[in-house]
Amino acid sequence: MLLAGKRILVTGVITESSIAYHTAVEAQRAGAEVVLTSIRPRLVRRIVARMPEPAPVVELDVTDAEQLRTLPDRLAEHGDRFDGVLHSIAYAPPGALGGRFLQTPWEDVATAVHTSAYSLKSLVAAVLPMMKGGGAVVGLDFDASVSWPDYDWMGVAKAGLESTARYLARYLGPQGVRVNLVAAGPLNTLAANGVSDAPPDEDGGAWADLAPLGWDENLATPVAKACVALLSDYFTATTGEIVHVDGGVHAMGF
């Protein structure tokens with residue numbers, strides 16, 4: 001029961017296939033009280049019925065300054081303290097993906113960076129007053145140390161996310177708040193199939209073939225469990241880190 005007695009905020013739940021949903025389920029199994037946020041709360045309230053325990057859903061668009069301003073008051077209805085936050089939010093307009101890197105207008109780039117990188121700072125700043133005595137922030141990443149086919153400005157946004165996490169680790173460490181990322185391999189989620197939270201595995205088997213441990217794009221549980229571990233007290237001296245949960249592909253020389 002790694003998270004026994006802890007209250008965890010999980011953002012970005014859209015469908016049952018999302019990493020956020022699987023993390024919420026694993027967090028409950030680890031003993032946590034979970035509160036969800038979603039840009040589509042009515043849809044997610046139906047999904048919550050399938051979780052091990054009921055969980056409240058709070059509406060949140062991380063690009064909406066007013067919703068961020070009122071977030072602490074709305075969360076306070078479900079508890080006065082949060083011990084951990086999962087940031088599972090990313091979006092890039094179609095024009096910022098798919099090989100159109102040189103043609104993408106700034107407006108689409110700004111949307112991708114705001115939603116996928118700056119939102120980590122926005123979310124943490126909003127919840128920070130409720131993280132009394134410290135806690136853990138975990139964000140979902142895709143390795144931004146290289147370029148990926150068609151990932152384009154989402155890759156740039158993920159690089160911004162990684163840098164944002166490091167700066168948050170610097171500034172929040174004195175308050176006892178740890179900030180780490182989990183870089184997952186490609187998973188079959190709505191985000192990956194639509195506007196991309198992870199690059200597609202184009203030939204269906206390349207990632208699994210390259211991964212020393214193998215890789216199942218339909219299995220989000222290993223990623224969710226890594227998030228739970230980082231949200232727990234097992235990593236009390238770890239911050240500013242990127243933990244790869246990708247079957248080992250990041251370490252291979254292809």
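Going along each chain's sequence as written, the residues are numbered from 1 onward. Restriction of local features to residues with pLDDT of at least 70 applies here, the model being predicted, together with a cutoff of 80 or more for giving and counting side-chain atom pairs; totals for whole chains, interfaces and linings are based on all residues. The side-chain values count all of the structure's non-hydrogen atoms but skip hydrogen atoms and water molecules.

Q: Would you take a moment to explain the sheet that holds strand β2 (residues 33-38) for this structure?
A: Two orientations exist for strands paired in a sheet by backbone hydrogen bonds: parallel and antiparallel. Pairing within the open sheet is parallel, and its seven strands lie in the order β3-β2-β1-β4-β5-β6-β7. Each end of this open sheet is capped by a strand with a single partner; those strands are β3 (57-59) and β7 (242-245). For this sheet, the mean angle separating the axes of adjacent strands, direction not counted, is 20°. Here strand β4 (residues 84-87) runs beside strand β5 (residues 135-141); their pairing, made up of four bridges, is parallel. Bridging from a neighbouring strand, G84 pairs with A136 of β5. A contact between two residues is defined here by any heavy atoms of the two lying within 4.5 Å. Lines fitted to C-alpha atoms define the axes, with helix axes restricted to the stretch in contact, and inter-axis angles between N-to-C directions lie between 0 and 180 degrees. In this text, helices come from DSSP runs of H or I with a minimum length of four residues, and strands from runs of E with a minimum of two, each type numbered from the N-terminal end. Each of β1 (7-10), β4 and β5 is contacted by helix α4 (residues 106-127), which is oriented at about 160° to β4, the strand it contacts most. Here helix α5 (residues 152-172) sits on the sheet in contact with β4, β5, β6 (177-184) and β7, set at roughly 160° to β6. Two strands are counted as paired when DSSP detects at least two bridges linking them.

Q: What's the story with helix α8 (residues 221-231) in this structure? I'm lost.
A: Because each turn of an α-helix spans 3.6 residues, side chains separated by three or four positions end up pointing in the same direction. Only protein chains enter the accessibility calculation, which uses a 1.4 Å probe; a residue is then buried when its area is under 20% of its type maximum, exposed when over 50%, and partly exposed in between. In terms of residue burial, α8 counts as a mostly covered element, since eight of its 11 residues are buried. Taken together, the buried positions of α8 are V223, A224, A226, C227, V228, A229, L230 and L231. On its buried side, α8 packs onto β1, α1 (19-29), β4, β5, β6 and β7.

Q: What am I meant to see in the nonpolar core here?
A: The nonpolar side chains of soluble globular proteins are, as a tendency, buried together. Throughout this description, the term nonpolar core refers to a set of buried Ala, Val, Leu, Ile, Met, Phe, Trp, Tyr and Cys residues connected via side-chain atoms within 4.5 Å. Judged by nonpolar contacts, the single largest core of 50 residues is most densely connected at L3, V10, L36, M51, V182 and V223. Residues L9, L68, A117 and A165 belong to the second largest nonpolar core, which totals 29 residues.

Q: In this structure, what is going on with the environment of W207? I would like to understand it.
A: With respect to the element layout, W207 can be found in helix α7 (residues 206-210). Note: C-alpha distance between W207 and A226 (19 residues apart in sequence) is 19 Å. At 3.0 Å, the side chain of W207 forms a polar contact with the backbone oxygen of D246. Throughout this description, a polar contact denotes any pair of N or O atoms lying within 3.5 Å of each other; where both atoms belong to protein, one of them has to be capable of donating a hydrogen while the other can accept it, and for residues adjacent in sequence the pair is counted only when both atoms sit in side chains.

Q: Help me understand the pattern of salt bridges, please; the structure alone is not making it clear to me.
A: Where charged atoms from two side chains of opposite charge approach closely, those side chains can pair. Between Lys or Arg on one side and Asp or Glu on the other, a salt bridge is scored when a side-chain nitrogen of the former is within 4 Å of a carboxyl oxygen of the latter. According to the stated counting rule, one finds six salt bridges in the structure shown. Across the pair R29 and E26 runs a salt bridge, and its minimum N-O distance is 3.1 Å. Residue R29 and its partner E26 are located together in helix α1, separated by three residues, close to a single helical turn. Two residues, E66 and R69, come together in a salt bridge whose shortest N-O distance is 2.6 Å. A residue pair is termed a helical-turn pair when its members lie 3 or 4 positions apart in one helix, as E66 and R69 do in helix α3 (residues 65-76) at three residues. E66 sits in the partly exposed class, given a relative accessible area of 44%.

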